[in-house]
Amino acid sequence: MRLSAIFLVGFMATGCVAVADFTALRDEVFLVKVDNRKLKETEEGLRKRLEEQERALKAAEIRQQGLEEQIRVLEAQSRRLEALTARPEDTEVKPPAKIPSLEITASRPAVTPPPPPPAGSSSLSPTAAYNQAYNDYLQGNYDLAVAGFEAFLSQFPGTSLTAHAQYWIGEAYFNKKEYLNALNAYDRVLADYPTSDKAAGALYKTGAAYAELEDKAKARVFLKRVIEEHPQSEEANLAKQRLADLR
């Protein structure tokens, strides 16, 4: 009888030890899981902060490029305007020198030079000035093209080519991947010439520029406007394809 009691007490003690070990092990596993979850949350937070910093750095680089390009464009415009308005100083018509003569001749009126052209005027017609800038664009000379179209807009405002010139300024910037400058140019087309035949193109390329800047929300807004406002245009088909790529 005593032996059975002793065995029973020993068994119960052994069982208690096993249960205690299991409980301690379970608690350790739980703590490990909690630590792993905290590590994952910390890692996710660091990753998001890194992505935000990269996006901010990229935006700053884009702004800096835009400012540098604006400086280059202004310099190119200045050179183009100087070339358009320059005139040689030696082309004045001067009266012929008097030749001494022993004969008495009738007096002649003095020959006077023609008046110089007004400052800032250009000998180019609106069509010629536009075509010159457009040829620069076709040849990939985008800085000269922008300068030429800006000069055209300044000298010949309100012509049938005005909206086209503004649109090609945006295209030149877009091809140079200066999307912020391109957006400004397209916005002027939409604001100043909403009924122009370049309005659909300006809407589509605005959406495309936002897509290149990875702003998918704004890209979708403008691409959908192309489809809604210009459903029969070629740009509407392009907008549908671009929207499908953004999904």
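Residues numbered from 1 in each chain as written. Predicted model: local features only at pLDDT ≥ 70, side-chain atom pairs only at ≥ 80, totals over all residues. Heavy atoms only, no water.

**Points about the confidence of the model for the protein chain**
It should be kept in mind that the predicted coordinates are not to be read in detail where pLDDT is low. Here the protein chain shows a mean pLDDT of 76. Residues at 70 or above account for 65%. When mean pLDDT is compared element by element in the protein chain, helix H4 (residues 162-175) scores highest at 97, while helix H1 (residues 2-85) scores lowest at 67. pLDDT under 50 marks residues 86-121. Its contacts with residues more than four places away, or in other chains, come to 12 contacts. (pLDDT = per-residue confidence, 0-100. Helix = DSSP H or I, 4+ residues; strand = E, 2+ residues; numbered from the N terminus. Contact = heavy atoms within 4.5 Å.)

**Here we look at unusual backbone geometry**
Its identity as a non-glycine residue notwithstanding, Lys 177 has a phi of 65 degrees, on the positive side. Following the sequence through the fold, Lys 177 ends up in the loop between H4 and helix H5 (179-192). Notably, Glu 214 is not glycine yet its phi reads approximately 65 degrees, a positive angle. The residue Glu 214 is located in the loop between helix H6 (199-212) and helix H7 (216-229) in this model. Here Glu 214 falls in the exposed class, since its relative accessible area comes to 58%. (Buried < 20%, exposed > 50% of the residue type's maximum accessible area, 1.4 Å probe, protein only.)

**What about the side chain of His 164?**
Assignment of secondary structure puts His 164 in helix H4. For His 164, a relative accessible area of 19% translates into the label buried. Polar contacts involving the side chain of His 164 include one to the side chain of Asp 197, which spans 3.0 Å. When neighbours within four sequence positions are excluded, His 164 is seen to be in contact with Tyr 130, Asp 197 and Lys 198. (Polar contact = N/O pair within 3.5 Å; in protein donor to acceptor, adjacent residues only side chain to side chain.)

**Focus: the packing of helix H2 (residues 126-138) against H4**
As a packed pair, H2 and H4 sit with axes 11 Å apart at the nearest point and diverge in direction by 20 degrees. Viewed along their axes, H2 and H4 adopt a mutual orientation that is roughly parallel. When you trace H2 past H4, the crossing you get is left-handed. For the pair formed by H2 and H4, the contact residues are Tyr 130, Tyr 134 and Tyr 137 on the first element and His 164, Ala 165, Trp 168, Glu 171, Ala 172 and Asn 175 on the second. Of the residues assigned to the contact of H2 with H4, the class counts are six nonpolar, two polar and one charged. (Axes fitted to C-alpha atoms, helices over the stretch in contact; angles between N-to-C directions. Parallel < 35°, antiparallel > 145°, perpendicular 65-115°, else oblique. Left-handed = near helix turned anticlockwise from the far one by under 90°. Nonpolar A, V, L, I, M, F, W, Y, C, P; charged D, E, K, R; others polar.)

**Remarks on the nonpolar core**
Of all hydrophobic cores here, the largest spans 40 residues; its most connected members are Phe 149, Phe 152, Ile 169 and Phe 174. Within the residue set of this core, elements represented by two or more residues are H2, helix H3 (142-155), H4, H5, H6, H7 and helix H8 (234-246). Here this core takes eight residues from H6, the largest share from any one element. Residues within four places of Phe 174 in sequence aside, it is in contact with Tyr 179, Ala 182, Tyr 186, Lys 205, Ala 208, Ala 209 and Glu 212. (Core = buried A, V, L, I, M, F, W, Y, C linked by side-chain atoms within 4.5 Å.)

**Quick word on the packing of aromatic side chains**
Aromatic ring pairs are reported here in terms of the distance separating the ring centres and the angle at which the planes meet. Using the criterion set out here, one finds 12 aromatic pairs in the structure. Look at Tyr 130 and Tyr 134: their rings are 6.2 Å apart centre to centre, the planes differ by 10 degrees, and that puts the pair in the stacked class. Here Tyr 130 and its partner Tyr 134 are both found in helix H2, four residues apart, which amounts to about one turn of the helix. Among the aromatic residues, those joined into a cluster by ring pairs are Tyr 130, Tyr 134, Tyr 137, Tyr 142, Phe 149, Phe 152, Phe 156, Tyr 167, Trp 168 and Tyr 186. (Phe/Tyr/Trp six-rings, centres within 6.5 Å; stacked < 30°, edge-to-face > 60°.)

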